[in-house]
Amino acid sequence: MPRMNDVTLLRAIREQPPAPVYLIYGSENYYSGVCLDRLLGKLVKKWTESFNLRRYDGETLDMTALRNECESLPLMADYKCVVVTDLNLASLSEPARKTLEGILDDPNPSTVLIFYMKAYEPQPKKSAKVKKLMEKIEKVGVVAEINPKTRGELSKILRQKFQKAGCEISPAFAGFMVDRCGSGMETLLQEADKLIAYKGQGEITKADIELITHKTLESTVFDLTRALCGSRPETAFQILQDLFAEREEPMRILSVLSSSVLDLYRAKAALNAGKGMEDILALYSYGGRAFLVKNAIQDAPRYSMRSLRAAVEVLTDTETAMKSGGGEDKTLLEEAVFKILTLRSKG
């Protein structure tokens, strides 16, 4: 069966008989949870959850107990559901892996086994054992990777939500809200609810969004990156101090800043080679965050390859210093910001 996303999985749950095994994973936890709830809602009748629904924590899972559970029959229902959350497929012992393979090779037709990955994401490209297990699941059941929606899809969802609540928002401001609040669906819906409660009815403006919604670290660091690469020291240090005041950890700020600068570096390298956005997306895993590449492609022509490469080196050295205890983290980050600002002036 082909790999699914949230749209195709929800359609299959609605229109098709259940598969014996599901693997649901990906970085969009909101829609992963929606898919799991819909699947359980279809298969497990009310008042039968105590004997037709079993849940296991992947960290403490006894694979023999899982096998025995999968082999038992449902009561007063066509199916029993067994949900295993965050099973690390790469770290299974050899006996556990063999037992799991046996379950997958001969699944019980009256049991629906669901591997639900909320905090753990399988990496088949990095582990042959994980790849083999995922292929076995795919052979008898469904593998669904649930990634964030694109910026355009999220903007559309927001506009529909506001419209149902009696509010209106332009496509441009919906996109601005996605950029400001991030691509996590759960967070976006919460921020939308805040705006609806504040506005009541009518047109939602950019000022409303800036007043009511919380700006993500990623969005703030994007502004910091532009200030750094554009040689605006006052703006850069003000943003950094604001982040410190919000008690953001320097290491986390550094991590997001490094990713943002690396996006610019990749975009600049691609443009210099006559390549574009699609080429970058084919090489690197951005999931539903392709808008990061789009923004980087737009901004990259303003900066030299030399300065971007040097900025990446500064941030890499700063990470090493933080991890090795080479100084106070805030001071190290401030020094990195100063060094990157001087790169632009040096050409």
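We now turn to the structure provided with this report. (Residues numbered from 1 in each chain as written. Predicted model: local features only at pLDDT ≥ 70, side-chain atom pairs only at ≥ 80, totals over all residues. Heavy atoms only, no water.)

To continue, consider empty space enclosed by the protein. One pass over the full model with this rule turns up 3 cavities of 30 Å³ or more. Surrounding the second largest cavity, Pro20, Val21, Cys70, Ile103, Pro107, Asn108, Thr111 and Leu113 form its lining. Among the residues forming the lining of the second largest cavity, the class breakdown is 6 nonpolar, 2 polar and no charged. (1 Å grid on protein atoms, 1.4 Å probe; cavity = no way out; pocket = protein on both sides within 12 Å on 5 of 7 lines; lining within 4 Å. Points joined across faces, edges and corners; volume = space filled by probe spheres on them. Nonpolar A, V, L, I, M, F, W, Y, C, P; charged D, E, K, R; others polar.)

In this section: the nonpolar core. If you look at the biggest cluster of nonpolar residues, it comprises 43 residues, and the most contacted ones within it are Leu9, Tyr22, Leu40, Ile114, Phe162, Met177 and Leu188. When residues in this core are grouped by element, the largest group, 7 residues, is from helix H2 (residues 29-43). Apart from the residues within four sequence positions on either side, Phe162 is in contact with Cys167, Ile169, Met177, Ala192, Leu195, Ile196 and Ile204. Among the nonpolar cores identified, the runner-up in size contains 28 residues, and Val221, Ala227, Leu228 and Leu332 belong to it. (Core = buried A, V, L, I, M, F, W, Y, C linked by side-chain atoms within 4.5 Å. Buried < 20%, exposed > 50% of the residue type's maximum accessible area, 1.4 Å probe, protein only. Helix = DSSP H or I, 4+ residues; strand = E, 2+ residues; numbered from the N terminus. Contact = heavy atoms within 4.5 Å.)

Here we take up the pairing of strand E3 (residues 80-85). The buried count for E3 comes to 5 of 6 residues, which makes it a mostly enclosed element. In the sheet, strand E2 (residues 53-57) pairs with E3 via 5 bridges, with the strands oriented parallel. Across the sheet, the residue bridging to Arg54 is Val82, located in E3. For E3 and strand E4 (residues 111-116), the ladder comprises 6 bridges, and the chain directions are parallel. Residue pairing across strands places Thr85 opposite Tyr116, the latter belonging to E4. Assessed by its sense of winding, the connection that carries the chain from E3 through helix H5 (residues 94-105) to E4 is right-handed. (Pairing = 2+ DSSP bridges. Right-handed = clockwise from strand over helix to strand, strands pointing away.)

Turning next to the packing of aromatic side chains. Under the criterion given, the structure shown has 1 aromatic pair. Between Tyr30 and Tyr31, the aromatic rings sit 5.2 Å apart at their centres with planes inclined by 85°, giving edge-to-face as the arrangement. According to the relative accessible area criterion, Tyr30 is partly exposed, its value standing at 28%. Since its relative accessible area comes to 14%, Tyr31 is described here as buried. In this arrangement the basic side chain of Lys206 is found over the ring face of Phe176, its NZ or CZ atom lying 5.0 Å from the centre. (Phe/Tyr/Trp six-rings, centres within 6.5 Å; stacked < 30°, edge-to-face > 60°. Lys NZ or Arg CZ within 6 Å of the ring centre and 35° of its normal.)

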